[in-house]
Every structure is written in C-alpha cells, then in structure tokens.
Amino acid sequence: GEDVEQSLFLSVREGDSSVINCTYTDSSSTYLYWYKQEPGAGLQLLTYIFSNMDMKQDQRLTVLLNKKDKHLSLRIADTQTGDSAIYFCAESKDNQGGKLIFGQGTELSVKP
Amino acid sequence: ETGVTQTPRHLVMGMTNKKSLKCEQHLGHNAMYWYKQSAKKPLELMFVYNFKEQTENNSVPSRFSPECPNSSHLFLHLHTLQPEDSALYLCASSQDLTGQFNYGYTFGSGTRLTVV
C-alpha cells in the first residue's frame, strides 16, 4: 500500500516543543520528507531523511525514523508563532521515479 | 517566489467555461507535476512530465487536459468542470525523476480554483 497518515491538528504553546507524527505502510520507501505549507503558499521542503538513517537534526528540527514501526516524526524545538502552518509527510521509492506520496497534512497552531 | 510561478493565483469559473492554468519554472528542472489539494485530504498526484513527455496520468478525468510544450512550462486546460473540482492546484518541479531523492520538489504557490 501507499498510504501515508497523519493526525489533522496539533496545538501547542509558544516556546514548547511540537511533535508531528506520520505513519506509512510501504516498507520499501527510500526517502521520507517533511514539507511546510504556510497560508496561501505552496509546499516548502523542510527536511528529508534517507531510510537507512534513524535520526536527522537541523537546527530546531529533529526527524526520527522508526523503520520497524514505519513511523516518522518531526520535532520542532522552541516552537514560535511563525511555525504555525500545515506540515506534510511524504515518501518516495527508488522504483517509482517521479512520485511522492503525501499524507493529509497536520495543521500546527501555536498559541502565544 | 520559490522559482516555480503559477498563474492565475485565483480563478472562478462556471461549469461550461474553458480556462487554463499555467506553471513556469526557470530552475533548469526537467520534471514537472500537477497536484490537486483538497481540504483535509492527501495531495493527489494528477500528472507527471519528464523532458516534456507525460510519464504518469493518475486516472484523471478527461475534463483536465495537461500540456507541456517544453521543460519550463506546464499547462492544465480545464473544461466543463464540476463543483467538486474546486481545490488548490499545485505545480511542482524537480531536477528529473531521480532528482527528487536529494532535493525533493519545488512547489509553486498554487491556483485556487472555484467552480460555480
């Protein structure tokens, strides 16, 4: 299967950490991505992780991959109001060139 | 601007109209994509073009007709649409069909389409 699933909403307070979760069904996924979509804009690539990695850190962003459970998470440290957006998880596979499979997106709301 | 430009940003059309969406990129990418984004649903891949050739049509109704005259331009021609076709239509590009693995896609800001 090609399903990628995310919870639809997450609300946090400014300064807290946010954790956005994603599950996928296809164990042959090669790369997994996190995209951010701000209101009125297209999707912007935040970060990606190769399937042979467990963790990737980039400033306030930490990506964790649990291949056994097919679970991907994005942790945003010290969440700011500017982080309010929709976050999409996506996967791609070597044998399906040109095709990213996206989840439904998680709407992150950061309250002051 | 992200490097992928979509026009118009907003479009309202009647069910009997014919209109076109335009996507342009000058990133030197060879692969271009159309996605449909509806609220609370996963992004739906519609069409994939690589070096101007269509490589994927994801069972899209014939009232949507893509055109890719060169690697920098992609169009989506619309005719006799239905209200349920109202959505945000996103264009994306990548180096080629393998370039996504390192850099992902570059998306445009989308065209918000409303069919009345």
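Refer to the structure above for everything that follows.
All figures in this text were calculated on a predicted structure; none of them were measured in a lab. (Residues numbered from 1 in each chain as written. Chains lettered and ligands numbered in written order. Predicted model: local features only at pLDDT ≥ 70, side-chain atom pairs only at ≥ 80, totals over all residues. Heavy atoms only, no water.)

Peer 1: Help me understand the overall build of chain A, please; the structure alone is not making it clear to me.
Peer 2: Counting its secondary structure elements, chain A contains zero helices and eleven strands. Across chain A, helices and strands are ordered from the amino to the carboxyl terminus as β-β-β-β-β-β-β-β-β-β-β. C-alpha atoms of chain A, sized along the principal axes, occupy 45 × 30 × 20 Å. The buried share of chain A, taken over its 112 residues, is 46%. Taking contacts inside chain A between residues at least 6 apart in sequence as the whole, the part at least 24 apart equals 56%. In the form shown here, chain A has an accessible surface area of approximately 5,300 Å², with 47% of it arising from carbon and sulfur atoms. (Helix = DSSP H or I, 4+ residues; strand = E, 2+ residues; numbered from the N terminus. Buried < 20%, exposed > 50% of the residue type's maximum accessible area, 1.4 Å probe, protein only. Contact = heavy atoms within 4.5 Å. Areas by Shrake-Rupley, 256 points an atom, 1.4 Å probe, with all protein chains shown as cover.)

Peer 1: Would you explain the pairing of strand β4 (residues 31-37) of chain B in this entry?
Peer 2: Consecutive side chains of a regular strand alternate in pointing toward one face of the sheet and then the other. All names here are of chain B. The element β4 is largely enclosed, with a buried count of seven among its seven residues. As defined by bridge partners, β4 adjoins strand β5 (residues 44-50) across six bridges and the pair is classed as antiparallel. Bridge pairing links alanine 31 to asparagine 50 in β5. Between β4 and β5, which pair antiparallel in sequence order, lie six residues; one of them, lysine 40, sits at a positive phi of approximately 60°. For β4 and strand β9 (residues 87-94), the ladder comprises seven bridges, and the chain directions are antiparallel. Across the sheet, residue tryptophan 34 finds its bridge partner in β9, namely cysteine 91. (Pairing = 2+ DSSP bridges.)

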